[in-house]
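# Coordinates in review
Residue strings, one per chain:
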Amino acid sequence: MPASADIVRLHARSPLVAGTRFDVAVAGGGAVGAALACALADSGASVLLADPWFGVAKSSPAFAPRPIALSFATERVLASLGAWEGLAPAVTPIESIHVSEAGRFGATRLKAAQCGVERFGSVVTADALGQALRDAVARRDAVCCTGGRIVDAHPGDGKVVSRVADDAAGTSRHIGASLVAVADGGRSELRDALGIDSAVRDYRQCAIAAVVRARAPREHTALERFTTEGPVALLPMGGKCYGLVWSCGEAHAEELGRLDEGAFAGRLAAVFGGRLGGFDAIGERTLFPLRFVRANAIVAERVALVGNAANRLHPVAGQGFNLGMRDVACLAEVVAAAGREGCDPGDPSVLARYRRWRAPDHAAVARFTDGLVDLFGHRCSPIAPLRAPALVALDLMPGLKRALARRAMGLAGRVPRLALGIRA
């Protein structure tokens, strides 16, 4: 790593020296960006990790106390990065999944043991995940963290020059890098500044996230309940607690957000038809709009997109974050291979390899999540009467259930080394 770059803990600001050269500059210090910085550092790269929330008193909204489902592959990535050991006490395993449709008979039950694994994944809060990854970053001397935004990227002469603007400190510096990784989320300002267009679908829905307490919990069981307004997921979080992600129309979401605790618990119990015995405690509710955003390209000259900057998905089936973590594992692997071959991280051949590797996974997961929204979102659809029999049929087809489980676990197709528990 260049000697002039100050290395800091993530809770402090670092003076960034203008003209410093890095192998990779990562825009965005959320969970995906932090994981990418760790993975790249382990591959031997010098890394700048830039995020405007570093060093400010208020915590990043990316690390709110909301539930996140971690796939089995994501767990392995976190273990490979040394972040799992500190996180493990805070996670709850998912050993079975129950899928049903409100107002219709029929359900599908997936059990990890029947699919040859101990669990499908686990559930953790975003703040616990963020802390574990930030601790992992702080242990790596090859990562320089700064409280600023990478606002542009201008390639030329074998590198890309980016301006890092620190609004809080009132400073602006230019740095050089072989590659800029865009990991600043679904509303990526850097992606837009680079002129990378996106396909956008507004679902006209909001999701309500909260932690709730059930009266009769099912241990280590996640529930997904489809309604005409959107899916409602309950993710086990230990004891009687569940992480709730309730997707519904915007007006309905605003109404639910205004209800008192008892009324909200009654509405939630009605959706699940008495399952879990109802609910007697509701935590703080957070609302966020739901849109499908898919970048028209995940690479440009000396630029690669990862996580929500590349694909922002509907939360149905909990695929978005896990797709982003596979982006991390794949990009780190191609960068590590490039180093062994004598190529720099931003070489066109390296980025082409990353694009080809990720394209099938991105397309398959986008079709899957978007298709579920369409399939279950219209009660009067001509195929509506077929949905309940389809759930029953799926429940009777163990081979198909195992294939779907492998996809949800992040183990379908070509699996990157980090997702197999092998460090770069």
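Reading guide: rules and limits
- For every chain, the first residue of its written sequence is number 1, and the numbers climb from 1 along that sequence.
- This being a predicted model, a pLDDT of at least 70 is required before a residue's local features are given, and a value of 80 or more before pairs of side-chain atoms are given or counted; all residues contribute to the totals for chains, interfaces and linings.
- Computation of side-chain values covers all heavy atoms of the structure but excludes hydrogens and water.
- Strands are runs of DSSP state E lasting at least two residues, helices are runs of H or I lasting at least four, and both sets are numbered from the N terminus onward.
- Relative accessible area decides the class of each residue, using a 1.4 Å probe on protein chains only: under 20% of the type maximum gives buried, over 50% gives exposed, and in between gives partly exposed.
- Using the Shrake-Rupley algorithm and a 1.4 Å probe, accessible areas are obtained, with residue cover drawn only from the displayed protein chains.
- Any carboxyl oxygen of Asp or Glu within 4 Å of a side-chain nitrogen of Lys or Arg constitutes a salt bridge here.
- The quantity called pLDDT is the predictor's confidence in a given residue, expressed from 0 to 100.
- Residue contacts are counted whenever heavy atoms from the two residues lie within 4.5 Å of one another.
- We treat two strands as partners when DSSP finds at least two bridges between them.
- Where helices are involved, their axes are fitted lines through C-alpha atoms of the stretch in contact, as for all axes, and angles between N-to-C directions lie from 0 to 180°.
- Residues belong to one nonpolar core when they are buried, are Ala, Val, Leu, Ile, Met, Phe, Trp, Tyr or Cys, and are joined through side-chain atoms within 4.5 Å.
- Every helix has an expected span of 1.5 Å times one less than the residues it contains.
- Only centres within 6.5 Å qualify two rings of Phe, Tyr or Trp (six-membered ring in Trp) as a pair; their planes then separate them into stacked at under 30 degrees, edge-to-face at over 60, and tilted for everything else.
- Here, a charge over a ring is recorded when the distance from Lys NZ or Arg CZ to the ring centre is within 6 Å and its angle to the ring normal is within 35 degrees.

### A word on the overall build of the protein
Assigned secondary structure in the protein consists of eleven helices and 21 strands. Across the 424 residues that make up the protein, the buried fraction comes to 54%. Just so you have it, the protein exposes about 17,200 Å², and 53% of that area is on carbon and sulfur atoms.

### Looking at the pattern of salt bridges
Once the charged atoms of two side chains with opposite charge are near each other, the side chains can pair. Per the counting criterion, the structure on display carries 17 salt bridges. A salt bridge links arginine 201 to aspartate 370; its shortest N-O distance comes to 3.0 Å. Within this pair, whereas arginine 201 is found in strand E13 (residues 198-214), its partner aspartate 370 is found in helix H9 (residues 348-376), the two being separated by 169 residues in sequence. Close ionic contact of aspartate 280 with arginine 213 constitutes a salt bridge, the shortest N to O distance being 2.8 Å. With aspartate 280 in strand E17 (residues 279-282) and arginine 213 in strand E13, this residue pair connects regions lying 67 residues apart in the sequence. A relative accessible area of 36% means that arginine 213 is categorised as partly exposed. Within this structure, Arg326, Asp327, Arg358, Asp361 and Arg407 form a network of salt bridges that share partners.

### Examining the confidence of the model for the protein
Low-confidence regions, as indicated by low pLDDT, have predicted coordinates that should not be scrutinised in detail. Taken as a whole, the protein shows an average pLDDT of 87; of its residues, 87% reach a score of 70 or greater. For residues 1-14, every residue scores under 50 in pLDDT, and the model assigns this stretch 43 contacts once sequence neighbours within four places are set aside.

### Looking at the sheet that holds strand E4 (residues 92-94)
The strand order across the open sheet formed by three strands is E3-E7-E4, and the pairing between neighbours is antiparallel. The open sheet has two free edges, formed respectively by strand E3 (67-71) and E4, since each of these has just one partner strand. Sheet twist, expressed as the average angle between the axes of neighbouring strands with direction ignored, equals 30 degrees. Alignment of E3 against strand E7 (residues 121-125), held across five bridges, turns out to be antiparallel. Bridge pairing in E7 places proline 67 opposite threonine 125. Relative to E3, helix H2 (residues 72-80) is tilted by about 90 degrees, and along the sheet it contacts E3 and E7. Sitting on the sheet, helix H4 (residues 126-138) touches E3 and E7, and the angle it makes with E7 is about 95 degrees.

### Quick notes on the nonpolar core
With 95 residues, the main nonpolar core has Leu129 and Leu331 as its most contacted residues. With residues near it in sequence (within four places) discarded, leucine 331 still touches Leu36, Leu179, Ala181, Ala304, Val306 and Tyr354. Among the nonpolar cores identified, the runner-up in size contains 23 residues, and Cys206, Cys248, Ala269 and Phe279 belong to it.

### Focus: unusual backbone geometry
With phi around 65 degrees, leucine 276 is a residue other than glycine that occupies positive phi space. With a phi close to 60 degrees, arginine 302 is a non-glycine residue in the positive phi region. Relative to the helices and strands, arginine 302 resides in the loop between strand E19 (299-300) and strand E20 (303-305).

### With respect to H2
Counting buried positions along H2 gives seven out of nine residues, so the element sits mostly inside the fold. Phi for glycine 82, located one or two positions after H2, is positive at around 80 degrees.

### Considerations on helix H8 (residues 320-341)
Over its 22 residues, H8 runs 32 Å from end to end, which matches the ideal 32 Å to within 8%, given 1.5 Å per residue. Of all 22 residues making up H8, 19 are buried, and the element is well covered by its neighbours. Looking one or two places after H8, you find glycine 342, whose phi comes out positive at around 85 degrees.

### A look at the environment of glycine 266
The topology assignment puts glycine 266 in helix H7 (residues 261-271). Owing to a relative accessible area of 40%, glycine 266 belongs among the partly exposed residues under this scheme. Separated by 13 residues in the primary sequence, glycine 266 and phenylalanine 279 have C-alpha atoms spaced 7.5 Å apart.

### Observations regarding the packing of aromatic side chains
In this structure the tally under the stated criterion is one aromatic pair. For the ring pair tryptophan 246 and phenylalanine 264, a centre distance of 5.5 Å and an interplane angle of 55 degrees mean the geometry is tilted. Of this pair, tryptophan 246 sits in strand E16 (residues 241-249) while phenylalanine 264 sits in helix H7, and the two are 18 residues apart along the sequence. Each member of the pair, tryptophan 246 as well as phenylalanine 264, is classed as buried. A cation over a ring is seen here: arginine 285 above phenylalanine 264, with NZ or CZ 4.6 Å from the ring centre. The positively charged end of arginine 414 is found above the aromatic ring belonging to tryptophan 357, 3.6 Å away from the centroid.

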